[in-house]
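Observations on the three-dimensional arrangement
Read off the chains here:
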Amino acid sequence: MDVYALFKRAEAFVAKAPEPVGRGLFDAVGVAAALANIKGVKQLKKNYRRIDPGLSGLKLTGAAIAGMRNYMRYYYEMFRATQMSGEELNHRVVLEPDGYLRAEFAGGNSVPAALMHTGNWDLAGAWAEKHLAHVVTVAENLGDPRMAQGFIDYRTGLGMTIYLAVPGTNVFESLVEEASEPVLLPLLADRDLTASGMETTLLGHNLMLAPGPALLAVKTGRPFVPLMMRHTKDRKAAKRPGGTKWVTHIDVFPPIAPTAGPDASREEREADVARMCQEWMDSISDWMKEHYVHWHMLQKVYVDDLDMARLRARRAETE
């Protein structure tokens, strides 16, 4: 399957179709994928059961359907975001609470942020670019260079600054330089199977995180903020000003500050990064228990699902 060609066809469809039609089709695709129990859905179910051990049978199927509908809602809104005005975006996204972030940006400070694959981070980024602060982030180096460039073009088209994580480039140092300005530095960090992945515990199960937000906090001295996104529907409103009842909520958690400075020993910095990553997981655990169907993670992230011997061998080769 040519995924890039599929994306381009979906983008063209969303641009032309009325919103109810577009949302309905993407919703149906999500339901069909869940009922077909494709490979990614099987892993999604495993991930959900580690958050809610009581899931089984029809309840588990229902959770998978909800999760895949949310995942497809992400894609529909991602394609629609390029057509939204700043006013429309402002009606479609809610930031709660907003005090800390707005105060930091007003004070001229940058804010690193830790994201998971929840809700719609692209719509949140498009909104933030117009209503909060300039967004600087990193794009994953996807296998298909057309896809990688496509995501870069899409996000830069929304106003963001995007660095592509490719071998031989020091993306992290670019982020540190950007942090001298009042910018938002959100990093998707709930999956890292590289040599730098951090083993952390969420609700009693170990999973691999990317340490980027914590490392950036140590390097810049700036606390990082966990941000979790979820879709909600205002069923009481006949029609929201943005043209839809659907809203993306950005839930803001208390900042997590480094205690080790950039000049600390390697051992002190590594210990501080591990501490901050665990504090991050602890802070969002209640949110995950309530809203896990907004976490569309269809890949292996938990240690019990991974070949840890192979991963640790690869890590040893780089040390």
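Described below are features of the structure shown in this document. Everything numeric here is computed off the predicted structure, so don't read it as measured data. (Residues numbered from 1 in each chain as written. Predicted model: local features only at pLDDT ≥ 70, side-chain atom pairs only at ≥ 80, totals over all residues. Heavy atoms only, no water.)

**Structural notes on the packing of aromatic side chains**
- Taken as a whole, this structure holds 11 aromatic pairs when the rule is applied.
- Ring centres of Phe26 and Tyr76 lie 5.6 Å apart, and the angle between their planes is 70°; on these two criteria the pair is classed as edge-to-face. Taken as a pair, Phe26 in helix α2 (residues 19-36) and Tyr76 in helix α4 (residues 57-81) lie far apart in primary sequence, 50 residues in all.
- Residue class for Phe26 comes out buried when judged on its relative accessible area of 10%.
- Pairwise contacts between aromatic rings join Phe7, Phe26, Tyr71, Tyr74, Tyr75, Tyr76, Phe79, Trp121 and Phe151 into one cluster.
- For the cation-ring pair, Arg73 lies above Trp246, with the distance from its terminal atom to the ring centre recorded as 3.7 Å. (Phe/Tyr/Trp six-rings, centres within 6.5 Å; stacked < 30°, edge-to-face > 60°. Helix = DSSP H or I, 4+ residues; strand = E, 2+ residues; numbered from the N terminus. Buried < 20%, exposed > 50% of the residue type's maximum accessible area, 1.4 Å probe, protein only. Lys NZ or Arg CZ within 6 Å of the ring centre and 35° of its normal.)

**Re the pattern of salt bridges**
- Scanning the model with the defined rule gives 21 salt bridges in all.
- Of the charged contacts, one joins Lys8 and Glu11 as a salt bridge, the two residues approaching to 3.0 Å between their closest N and O atoms. With Lys8 and Glu11 both in helix α1 (residues 3-16), this residue pair falls three residues apart, about one helical turn.
- One salt bridge connects Arg275 with Glu279, and the closest N-O pair in it is separated by 3.1 Å. Taken together, the positions of Arg275 and Glu279, both in helix α11 (residues 266-291) and four residues apart, correspond to about one turn of that helix.
- Here the salt bridges share partners, and the residues they tie into one network are Glu19, Arg23, Glu77, Arg80, Glu88 and Arg92. (Salt bridge = Lys/Arg side-chain N within 4 Å of Asp/Glu carboxyl O.)

**Some thoughts on unusual backbone geometry**
- Residue Pro97 follows Glu96 across a cis peptide bond; omega there is -20°.
- Looking at the element boundaries, Pro97 is found in the loop between β1 (93-96) and α6 (99-106).
- Located in the positive-phi region is Asn37, a residue other than glycine, with phi close to 55°.
- Relative to the helices and strands, Asn37 resides in the loop between α2 and α3 (39-51).
- Using a relative accessible area of 26% as the deciding quantity, one classes Asn37 as partly exposed.
- Of note in the backbone geometry, Leu203 takes a positive phi value of approximately 50° without being a glycine.

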